[in-house]
There are 2 protein chains.
Amino acid sequence: MDASSSDIKALMEGIGQKARNAAMRLALASRADKDKALQAAAHRLRERMPAILGANALDMAAARSKGLTPALLDRLKLDESRIEAMAKGLEDVANLADPIGQTMAEWKRPNGLAIQRVRVPLGVIGIIYESRPNVTADAGGLCLKSGNAAILRGGSESINSSGAIMDCLQAGLKEAGLPPDSLQMVPVTDRAAVGVMLTMTEYIDVIVPRGGKSLIERVIAESRIPLFQHLEGLCHTYVDGAADLEMARRIVLNAKMRRTGICGATETLLIDRACAATHLAPLIRDLLDAGCEVRGDDSVQATDPRVVPATDEDWNTEYLDAIISARLVDGVDEAIAFINRFGSQHTDSIVTGDPVRAEKFLNEVNSAIVLHNASTQFADGSEFGMGAEIGIATGKLHARGPVGVEELTTYKYRVLGSGQVRPG
Amino acid sequence: MDASSSDIKALMEGIGQKARNAAMRLALASRADKDKALQAAAHRLRERMPAILGANALDMAAARSKGLTPALLDRLKLDESRIEAMAKGLEDVANLADPIGQTMAEWKRPNGLAIQRVRVPLGVIGIIYESRPNVTADAGGLCLKSGNAAILRGGSESINSSGAIMDCLQAGLKEAGLPPDSLQMVPVTDRAAVGVMLTMTEYIDVIVPRGGKSLIERVIAESRIPLFQHLEGLCHTYVDGAADLEMARRIVLNAKMRRTGICGATETLLIDRACAATHLAPLIRDLLDAGCEVRGDDSVQATDPRVVPATDEDWNTEYLDAIISARLVDGVDEAIAFINRFGSQHTDSIVTGDPVRAEKFLNEVNSAIVLHNASTQFADGSEFGMGAEIGIATGKLHARGPVGVEELTTYKYRVLGSGQVRPG
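How each quantity is defined
- Once a new chain begins, its residue numbering starts again from 1 and follows that chain's sequence as written.
- Starting at A for chains and at 1 for ligands, labels are handed out in the order in which the entities are written.
- Confidence filtering applies because this is a predicted model: local features only for residues at pLDDT of at least 70, side-chain atom pairs given and counted only at 80 or more, and all residues used for totals across whole chains, interfaces and linings.
- In this text, helices come from DSSP runs of H or I with a minimum length of four residues, and strands from runs of E with a minimum of two, each type numbered from the N-terminal end.
- Exposure is read from a count of other C-beta atoms within 10 Å of each residue's own; the residue is exposed at 12 or fewer, buried at 20 or more and partly exposed in between. C-beta atoms are placed from the backbone.
- It is the C-beta atoms, placed from the backbone, that decide contacts: two residues are in contact if theirs lie within 7 Å.
- Where each domain begins and ends is defined by an automated method or by a domain database.
- Expected span of a helix: the number of residues minus one, times 1.5 Å.
- What the arc covers is the set of directions going from the helix axis to the C-beta atoms.
- Consider the strands pointing away from the viewer: the crossover is right-handed when the path from the first strand over the helix to the second runs clockwise.
- We call two strands paired when DSSP finds no fewer than two bridges between them.
- A least-squares superposition brings the copies together, and it is based on the C-alpha atoms of residues with pLDDT no lower than 70 in both.
- Note that Gly is not counted as nonpolar here; it falls among the polar residues with everything else outside the nonpolar set of Ala, Val, Leu, Ile, Met, Phe, Trp, Tyr, Cys and Pro and the charged set of Asp, Glu, Lys and Arg.
- In this analysis an axis means a line fitted to C-alpha atoms, helices contributing only their contacting stretch, and an angle means the value between N-to-C directions, from 0 to 180 degrees.
- Should the near helix be turned anticlockwise from the far one by less than a right angle, the crossing is termed left-handed; should it be turned clockwise, right-handed.
- An angle below 35 degrees is treated as roughly parallel, one above 145 as roughly antiparallel, one from 65 to 115 as roughly perpendicular, and anything else as oblique.

**Structural notes on the overall build of chain A**
Counting its secondary structure elements, chain A contains 14 helices and 16 strands. Viewed in the frame of its principal axes, chain A has a C-alpha envelope of about 70 × 65 × 45 Å. By the burial criterion, 54% of the 424 residues in chain A qualify as buried. Intrachain contacts of chain A at a sequence separation of at least 6 include 73% that bridge at least 24 residues.

Right, dumping it as structure tokens:
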């Protein structure tokens, strides 16, 4: 190991140790203190808006000179309304119920032991993300509310912006008398820091990667720490033969086109062969007319000359863009089999008037979120009523679907006795 | 890769693919069919007792010629009562409530969407264990009840015994019309099979390692699949200054000596300096008189000439034997700090008549199970009223504490609409 990598290791271990110490104190913090810290941080974000915008201008200038794409520049950019949205987001999180200390279940045993399962924080959460600086406030706020310390490692492009935001969060912690090390930013842009972070099993309890496929794949490959993993949102909408055509048109257009860049956007449209004669053409034309590229099988291509042929790769592709793949299937059974084979176990919807087929689809599609007669774009913590979310988990362990403050907790068992010993 | 390792890879992938296919069917199986399979398997275990004992005799003969220790031979040995206990265990699991399909929560959104969080199986569970052949029936039964397929990899010493037990489980599955591949045994003893298994992320959703420290450490180091991890049970009993002496004596003796080889056995005794004059000597003498070796600090050594000096390593050691380390601490705060530093976050108990100190201990000790005025030996799924358990999890993700049928499930969100699309 050369000097530089041993420096990074020492730096990261120092951050980890401080986070672990802070987490032990934060786990015992009152709701009032945590909410005070969130509200004070929101206040600081508004108060220091000029400084944050100045820091962001430095990041934007560097990013432009590096030739970042307009889409990436837009993600990086802060303005007054985006900073206000971050501040409002922290206030919203303060208003959520405190999950910590909740009794999830309690029961009494015949020997008199009272057993309580109570929510406690996970401990230290590592967040690895790309250039969006707002993740610093959003993810930091959720960790704080749920009593977890967090180590945030943002993209190198946003280091000045994220640093200025982190200063506000730490000021809020100090004002509330909570350990400022509860939220820490990794202060170096060296990619080796991520590698070290992913092996710090002693200091980090769970890693939340947020970003594109290559980031997530690197984290999956290297991490020795459990992940709340969200690989991709390859979501399907299946229009069944018993679907109301007007409802199907509304849902399909919204599921694909409301926002094309979010993980709950539909990427593949499956249409029951039984209703192809009536439903196929209007559904496809709506999409084409809205500016969506449609990649279809032979039947879909036959509906409109603007449809282009789908390749095998299309059924495996999360476009995150105004592109959709579309094909006919033979009823709900083939739809279920197709989704379980090609989907990413994120979110899938059936449009049908037939309750038996709906029930079959909801039971047999093996995804975190399954919907009946609703748009896949509802795959979102706030739409579920959870408040903010740190992401949508497509893994099956611990958290599945939207990850909000409750999903950032674990539990412990408290057993209350009066001198019981175990017989036998 | 030589021919043999590529053969093992192909064998394991075949097992994985069959398990995944079986899991999709088993996830939809009715409670009646699963219970029928469990009861039929119990019947077969009793019916085929002579064949199972014959298979076990082969394993025992091979183990003796390999020179296994008496303790390992005892773990490997089956007799009629142990086979009857396995059969009874399967019947008990059949009598548990079916967790699958349970609605864990449901609510309605202002836009009319109804959201349900329902329990579903995890999918495929990999179980890696050592020589105890009863794990085949116990773990297999819990996986089946919770709708999960399982791939079991037992110790090479028990391959004939486990194979004979697995035959009974698969016969039960067939009688109930469930896919016999729902439960499969890895049929080779080659250690490379474990290595392949730990990388089969496509086919296995979670790995449950059951065995000694070296097995668990290997699994942690190599696994690319999430684990229900149980590294060790370095459990503490803290006798506070406000403890009733007679209660403390009963609890300490039981916590250490009822069974010394289980993970909930106390390994370290902490005694409040405030009650050393009255409590220390009787507590230590009880242990010594019961045949327990006591390794103590200076104060503990001063109580009785039979006490031997504790070394630094003792505070980090899970003895699983009639040995205890013991020392004085300055009150509940030092006890908490000591346990959080040296414990394994498994199970720790405080004996005290002071409710404030008890509450502090229960809140601040960062372990899966914390007890007040009760023996650490209660750390057990059946003592918690969960029925059988597949182990005690000391990690924080997904399952913590006893892992029973509910902990072997995950959930999905069912969202029921009437044509809703997401605005904005």
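Once you've had a look at it, read on.
**Considerations on the domain arrangement of chain A**
Taken as a whole, chain A is organised into domain 1 (3-228 + 403-414) and domain 2 (235-378). For domain 1 of chain A versus domain 2 of chain A, the distance between C-alpha centres works out to 36 Å.

**A word on helix 13 (residues 331-342) of chain A**
All names here are of chain A. Across its 12 residues, helix 13 extends 17 Å between first and last C-alpha, which sits within 8% of the 16 Å expected from 1.5 Å per residue. Every buried residue of helix 13 is accounted for by Val 332, Ala 335, Ile 336 and Ile 339. Relative to the axis of helix 13, the buried residues are bounded by an arc of 100 degrees and lie together on one face. Of the surrounding elements, those touching the buried residues of helix 13 are strand 7 (235-239), strand 8 (266-272), strand 11 (323-329), strand 12 (347-351) and helix 14 (355-364).

**Looking at the pairing of strand 4 (residues 149-153) of chain B**
Residues and elements named next belong to chain B. Within strand 4, five of the five residues are buried, which leaves it mostly tucked inside the rest of the structure. Here strand 4 shows a buried face lined by Ala 149, Ile 151 and Arg 153 and a second buried face lined by Ala 150 and Leu 152. Viewed along the sheet, the connection from strand 3 (residues 124-129) through helix 6 (residues 134-145) into strand 4 turns out right-handed. As defined by bridge partners, strand 4 adjoins strand 5 (residues 183-185) across three bridges and the pair is classed as parallel. The residue bridging Leu 152 from the neighbouring strand is Met 185, located in strand 5. In this fold, the crossover linking strand 4 to strand 5 by way of helix 7 (residues 159-175) has right-handed handedness.

**Considering the relation of the copies chain A and chain B**
Placing chain A over chain B gives an RMSD of 0.0 Å and needs a rotation angle of 180 degrees, together with 0.0 Å of translation along the axis. This pairing of chains is accounted for by a two-fold axis. Residue His 398 of chain A of chain A places its C-alpha closer to the rotation axis than any other residue of that unit, at 1.9 Å. The overlap is high: 100% of the interface residues of chain A also sit at the interface in chain B, so the same surface is used on both sides.

**Comments concerning helix 14 (residues 355-364) of chain B**
Owing to its 3.6 residues per turn, the α-helix aligns residues three or four sequence positions apart on the same side. All names here are of chain B. Every buried residue of helix 14 is listed here: Arg 357, Ala 358, Phe 361 and Leu 362. Along the long axis of helix 14, the arc covered by the buried residues comes to 135 degrees, so they all point the same way. Of the residues in helix 14, the exposed ones pointing more than 90 degrees away from the buried face are Pro 355 and Val 356.

**Overview of the pairing of strand 3 (residues 124-129) of chain A**
All names here are of chain A. Taking burial as the measure, the six residues of strand 3 include six buried ones, the bulk of the element. Burial of strand 3 is two-sided: the residues Val 124, Gly 126 and Ile 128 facing one way and the residues Ile 125, Ile 127 and Tyr 129 facing the other way are all buried. Strand direction decides the pairing type here: strand 3 and strand 4 (residues 149-153), joined by five bridges, are parallel. Bridge pairing in strand 4 places Ile 128 opposite Arg 153. For strand 3 and strand 6 (residues 206-210), the ladder comprises five bridges, and the chain directions are parallel. The residue of strand 6 that forms the bridge with Gly 126 is Ile 207.

**Brief notes about the interface of chain A and chain B**
Counting from both sides, the interface comprises 50 residues of chain A and, opposite them, 50 residues of chain B. Mapped onto the side of chain A that touches chain B, the elements with two or more residues apiece are helix 10 (245-257), helix 14, strand 13 (369-374) and strand 16 (409-420) of chain A. Its residues assigned to classes, the side of chain A that touches chain B shows 23 nonpolar, 16 polar and 11 charged. Where strand 16 of chain A lies against strand 13 (residues 369-374) of chain B, five bridges are found, and the strand directions are parallel. Directly across from Gln 420 of chain A, in strand 13 of chain B, lies its bridge partner Ala 374 of chain B.

**Overview of the packing of helix 10 (residues 245-257) of chain B against helix 11 (residues 276-289) of chain B**
Residue and element names in this part refer to chain B. At a closest axis distance of 10 Å, the pairing of helix 10 and helix 11 adopts a crossing angle of 35 degrees. Crossing of helix 10 against helix 11: the hand is right-handed. Contacts between helix 10 and helix 11 pair Leu 245, Ala 248, Arg 249, Val 252, Leu 253 and Lys 256 from the former with Thr 278, His 279, Pro 282, Leu 283, Asp 286 and Leu 287 from the latter. When the residues that make up the contact of helix 10 with helix 11 are grouped by side-chain class, the tally is seven nonpolar, two polar and three charged.

**Thoughts on the sheet that holds strand 12 (residues 347-351) of chain B**
With respect to topology, 10 strands assemble into an open sheet ordered 1(A)-2(A)-16(A)-13(B)-12(B)-7(B)-8(B)-11(B)-9(B)-10(B), the strand pairing being mixed. Because the sheet does not close on itself, it has two edges, and the strands there are strand 1 (103-108) of chain A together with strand 10 (308-309) of chain B. In the sheet, strand 7 (residues 235-239) of chain B pairs with strand 12 of chain B via four bridges, with the strands oriented parallel. In the sheet register, Val 239 of chain B faces strand 12 of chain B, and the bridge partner there is Val 351 of chain B. Strands strand 16 of chain A together with strand 7, strand 8 (266-272), strand 11 (323-329), strand 12 and strand 13 of chain B of the sheet are contacted by helix 10 of chain B, whose axis makes an angle of about 170 degrees with strand 7 of chain B. Across the sheet, helix 11 of chain B lies against strand 7, strand 8, strand 9 (293-296) and strand 11 of chain B, angled at about 160 degrees from strand 8 of chain B, the strand it touches most.

**Quick word on unusual backbone geometry**
Residues and elements named next belong to chain B. For Leu 320, which is not glycine, the phi torsion reads 55 degrees and is therefore positive. With respect to the secondary-structure elements, Leu 320 resides in the loop between strand 10 and strand 11. Its identity as a non-glycine residue notwithstanding, Asn 373 has a phi of 55 degrees, on the positive side. Following the sequence through the fold, Asn 373 ends up in strand 13. The class for Asn 373 is buried, based on 22 C-beta atoms found within 10 Å.

**Side note on the sheet that holds strand 6 (residues 206-210) of chain B**
All names here are of chain B. One open sheet accounts for four strands, arranged 5-4-3-6; its pairing is parallel. Only two strands of the sheet have a single partner each, and these edge strands are strand 5 and strand 6. Each strand of the sheet is rotated relative to its neighbour by a mean of 20 degrees, with strand direction disregarded. Across the sheet, helix 9 (residues 213-222) lies against strand 3 and strand 6, angled at about 160 degrees from strand 6, the strand it touches most.

**Thoughts on the environment of Tyr 129 of chain A**
Residue and element names in this part refer to chain A. Among the secondary structure elements, Tyr 129 is positioned in strand 3. Taking the number of C-beta atoms within 10 Å as the measure of exposure, Tyr 129 has 23 and is therefore buried. As a C-alpha pair, Tyr 129 and Val 208 span 79 residues in sequence and 8.4 Å in three-dimensional space. Those residues in contact with Tyr 129 that sit more than four places away from it in its chain are Val 135, Gly 154, Gly 155, Arg 210 and Gly 211.

**As for the packing of helix 3 (residues 49-65) of chain A against helix 7 (residues 159-175) of chain A**
Two quantities define a packed helix pair, namely the angle between the helix axes and the distance between the axes. All names here are of chain A. Direction vectors running N to C along helix 3 and helix 7 enclose 160 degrees, while the axes themselves pass 7 Å from each other. By the angle between their directions, the pair helix 3 and helix 7 is classed as roughly antiparallel. As helix 3 runs across helix 7, the sense of the crossing is right-handed. Note on element contacts: helix 7 touches helix 3 through Ile 159, Asn 160, Ser 161, Gly 163, Ala 164 and Ile 165, opposite Ala 51, Ile 52, Ala 55, Asn 56, Leu 58 and Asp 59. Looking at the contact of helix 3 with helix 7 residue by residue, the class counts come to seven nonpolar, four polar and one charged.

**Digging into the environment of Gln 301 of chain B**
All names here are of chain B. Here Gln 301 lies in helix 12 (residues 298-301). For Gln 301, a count of 18 C-beta atoms within 10 Å translates into the label partly exposed. Expressed as a C-alpha distance, the spacing of Gln 301 and Ala 114, which sit 187 residues apart in the sequence, is 65 Å. For Gln 301, the residues in contact, after removing those within four places along its chain, are Gly 296, Val 307 and Pro 309.

**Things to note about the environment of Ser 382 of chain A**
Residues and elements named next belong to chain A. Within the secondary structure, Ser 382 is located in the loop between strand 13 and strand 14 (392-393). Each C-alpha atom of the pair Ser 382 and Pro 402 lies 8.8 Å from the other, and the pair is 20 residues apart in sequence. In this structure Ser 382 touches Gly 387 and Ala 388, once residues within four positions along its chain are discounted.

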